[in-house]
Amino acid sequence: MRLIFLGPPGVGKGTQAVKLSQKYGIPHISTGDALREAVAKETEIGLKAKSYMDRGALVPDEVVIGIIRERLDRDDCKDGFILDGFPRTVKQAEALDEILKAMGVELDAVLNVEAPDDVIIERLSGRRTCRSCGRVYHIIYMPPKKEGVCDVCGGELYQRDDDKPEAIARRLQVYKEQTAPLIEYYEGKGKLHRIDGSQDVDGVFRQITGLLEGEKADYEKEEG
Ligand code: AP5
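**Q** Help me understand the overall build of the chain in this model?
**A** Of regular secondary structure, the chain possesses nine helices and eight strands. Overall, the chain is about 50 × 35 × 35 Å in size when its C-alpha atoms are taken along their principal axes. The buried share among the 224 residues of the chain stands at 45%. In the chain, the proportion of contacts linking residues at least 24 apart, taken out of those at least 6 apart, comes to 69%. Total accessible area on the chain stands at roughly 11,900 Å², and carbon and sulfur atoms take up 49% of it.

As structure tokens, then:
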């Protein structure tokens, strides 16, 4: 299964992508995670990306397209993948079309997760991320067992620099200007599905799996 998660920052794309990746056994590919790892390791890409990310702007297209091209070429993507945070501009979507064409595969679905701005701001303001394993928590909706400590690896939980109020406002604006046009792009290709992201985590997951199981059944019927 080849999926894209589309939607504003903080709507819950990463949370759902992790759960789907576990359910279907296909890799979860997050450009945000890949870039944060590059920043932490102070690689050339990381040093270039940091200033864009901290202020809530998009990293240049050619940098993220390069990351995705290299990642999709790995063996574990042969049976499918979940893209989270890519594409984010029409140029990235067009580059992805070419990459998939060269691989001889097609997208199954684009899941557009939606929620009002006040829900998003509350989710981002309360998000805490593990510095060691990257697991995501929320101080109210998904709190760790022990405050400030990751349940899985015992790592320190921190607040991302781009989860501070000025960066959140900028990210929402960037989303509306540069990423929202992708809704029309994928609607035109007949791939877009709208998901109500304002429900709780399990409610959103049920909508997504219900939809995907339907798609899978249709696909299997067509294949005979
Ligand atoms: P990235 O890391 O992709 O950030 P984002 O798209 O802004 O998405 P987030 O990770 O903030 O949110 P999410 O939707 O995954 O929500 P989450 O599940 O964590 O990108 C960061 C930066 O990298 C960008 O600003 C840009 O600079 C750069 N970048 C990345 N990709 C790029 C690209 N393709 N091109 C250019 N630049 C790029 O959930 C949020 C919180 O809510 C959590 O605390 C979670 O616990 C909680 N939560 C989740 N679901 C629910 C629910 N249903 N109910 C209650 N709480 C919930």
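From this point, things continue past the structure.
**Q** In this structure, what is going on with the sheet that holds strand E2 (residues 28-30)? I would like to understand it.
**A** A sheet is described by the order of its strands in space; here five strands give the open sequence E2-E3-E1-E4-E8, paired in parallel fashion. Lying at the two open borders of the sheet, with one neighbouring strand each, are E2 and strand E8 (192-196). Recorded for the sheet is a direction-independent mean angle of 25° between the axes of neighbouring strands.

**Q** Can you help me understand a nonpolar patch on the surface in this one?
**A** Among the surface-exposed residues, Ile139, Ile140 and Tyr141 lie close enough to one another that they form a single nonpolar patch of about 330 Å² accessible area. One can find Ile139 in the loop between strand E6 (136-138) and strand E7 (157-158).

**Q** Before we go on, may I ask you to explain the site of the ligand in this structure?
**A** Residues in contact with the ligand amount to 35 residues; listed here are only the nearest, Thr15, Ala57, Arg88, Arg127 and Arg171. Within the side chain of Thr15, one N or O atom sits 2.5 Å away from an oxygen atom of the ligand. Tyr137 places a main-chain nitrogen or oxygen 2.8 Å from an oxygen atom of the ligand. Summarising the interface, the protein chains cover 97% of the accessible area of the ligand, which totals 1,000 Å² for the free molecule. Among the elements of the structure, helix H1 (13-24), helix H2 (31-40), helix H6 (117-125) and E6 are those that each provide at least two residues to the shell around the ligand. In terms of residue count, the dominant contributor to the shell around the ligand is H2 (four residues).

**Q** When you look at the side chain of Asp163 in this model, what are you seeing that I'm missing?
**A** Relative to the elements of secondary structure, Asp163 occurs in the loop between E7 and helix H7 (165-179). The buried category is assigned to Asp163, whose relative accessible area is 2%. Looking at Asp163, its side chain comes within polar contact range of the side chain of Arg127, at 2.8 Å. The contacts of Asp163, once residues within four sequence positions are left out, are Leu124, Ser125, Arg127, Ile168 and Arg171.

Rules behind the numbers
Residues numbered from 1 in each chain as written. Predicted model: local features only at pLDDT ≥ 70, side-chain atom pairs only at ≥ 80, totals over all residues. Heavy atoms only, no water. Helix = DSSP H or I, 4+ residues; strand = E, 2+ residues; numbered from the N terminus. Buried < 20%, exposed > 50% of the residue type's maximum accessible area, 1.4 Å probe, protein only. Contact = heavy atoms within 4.5 Å. Areas by Shrake-Rupley, 256 points an atom, 1.4 Å probe, with all protein chains shown as cover. Pairing = 2+ DSSP bridges. Axes fitted to C-alpha atoms, helices over the stretch in contact; angles between N-to-C directions. Patch = residues over 30% accessible without salt bridge, like charges linked within 9 Å, V, L, I, M, F, W, Y side chains within 5 Å. Salt bridge = Lys/Arg side-chain N within 4 Å of Asp/Glu carboxyl O. Near = heavy atom within 4 Å. Polar contact = N/O pair within 3.5 Å; in protein donor to acceptor, adjacent residues only side chain to side chain.

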